[in-house]
Amino acid sequence: MSEKDVQFDCSSAMWHGKELWLKDGSKVWAADVVSGYIVALYFSASWCPPCKQFTPVLRDLHDELKQRNAPFQILFISLDQTKEIMMKYMNEDHGDWYAVPFENELAKKFIDLHHITSVPKLIILKPNGDVITDRGRKEVQDRGVACFRTWAAIANIPETVSRSLTRNNEDDEDVSSNES
């Protein structure tokens, strides 16, 4: 089974009763966070230099999409050694997004399901859990906020939502489409 064939139903009972954390220590129900959203699973760790370089880029993307009311959520899955290190990393470097609790069964399931052997890794999921791409990090680095248009199209997010996210935003130009 290829990575693109993996399905993890984000709208299923699997999310029922599962908590996510915010960096301020508050807890929310996962089902309330992911329902109807494109979900980015962000596998990262504080000890990883490429993670420390990519996290601010992802934070900027997240902030921009949040400002535009995009149906997009990030779930951080830590590969740090302790909960304290994870929380320090979240507070110092991460955006205002959610985390799967440290060493939680859900985190382990995602790590196993997506065969995570190195970080950083950004996997983008449709609202139903189908994998849009397992190359989210590269897409964000290469295309910035413009990559969301592609993800929204693949996820069948309504055209009006997709258009409103990108209308009159010249900074969103897809760099890869201008290369010869």
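Residues numbered from 1 in each chain as written. Predicted model: local features only at pLDDT ≥ 70, side-chain atom pairs only at ≥ 80, totals over all residues. Heavy atoms only, no water.

## Section: the confidence of the model for the chain
Working step 1: Averaged over every residue, the pLDDT of the chain is 84; the share at 70 or more is 80%.
Working step 2: Highest mean pLDDT in the chain belongs to helix α5 (residues 136–143) (97); lowest belongs to helix α7 (residues 159–166) (55).
Working step 3: Note on residues 1–7: pLDDT is under 50 here. Beyond four places in sequence and across chains, it has 17 contacts.
Working step 4: Across residues 175–180 the pLDDT falls below 50, and counting only partners more than four positions away or on other chains, this stretch makes 3 contacts in the model. (pLDDT = per-residue confidence, 0-100. Helix = DSSP H or I, 4+ residues; strand = E, 2+ residues; numbered from the N terminus. Contact = heavy atoms within 4.5 Å.)

## A few points about α5
Working step 1: Listed in full, the buried residues belonging to α5 are Gly136, Val140 and Arg143. All buried residues of α5 project into a common sector of 95° when viewed along the axis, lining one side.
Working step 2: In this fold, the buried residues of α5 make contact with α2 (49–67), β6 (121–125), β7 (131–133) and α6 (147–154). (Buried < 20%, exposed > 50% of the residue type's maximum accessible area, 1.4 Å probe, protein only. Arc of directions from axis to C-beta.)

## Comments concerning the pattern of salt bridges
Between side chains of opposite charge, a pair can form when the charged atoms approach closely.
Working step 1: What the rule picks out here adds up to 7 salt bridges.
Working step 2: Between Glu92 and Lys88 there is a salt bridge, with the nearest N and O atoms lying 3.9 Å from each other. Here Glu92 and its partner Lys88 are both found in helix α3 (residues 83–93), 4 residues apart, which amounts to about one turn of the helix. (Salt bridge = Lys/Arg side-chain N within 4 Å of Asp/Glu carboxyl O.)

## Things to note about the environment of Trp97
Working step 1: With respect to the helices, strands and loops of the structure, Trp97 is situated in the loop between α3 and β5 (98–99).
Working step 2: Relative accessible area serves as the criterion here: at 1%, Trp97 is assigned to the buried category.
Working step 3: In this structure, the C-alpha to C-alpha distance between Trp97 and Phe76, residues 21 residues apart in sequence, is 7.6 Å.
Working step 4: Excluding its chain neighbours within four sequence positions, the residues that come into contact with Trp97 are Trp21, Leu22, Tyr42, Thr55, Leu58, Arg59, His62, Ile74, Phe76 and Met90.
Working step 5: Here the side chain of Trp97 touches His94 through a polar contact of 3.0 Å, side chain to side chain. (Polar contact = N/O pair within 3.5 Å; in protein donor to acceptor, adjacent residues only side chain to side chain.)

## Details of the packing of α5 against α6
Working step 1: At a minimum axis distance of 9 Å, the contact between α5 and α6 shows a crossing angle of 135°. Taken together, α5 and α6 sit at an angle that is classed as oblique. Of the residues in α6, those touching α5 at Gly136, Glu139, Val140 and Arg143 are Cys147, Thr150 and Trp151. (Axes fitted to C-alpha atoms, helices over the stretch in contact; angles between N-to-C directions. Parallel < 35°, antiparallel > 145°, perpendicular 65-115°, else oblique.)

## Re the side chain of Ser44
Working step 1: Its location among the elements puts Ser44 in strand β3 (residues 38–44).
Working step 2: At 2.7 Å, the side chain of Ser44 and the side chain of Tyr89 are in polar contact.

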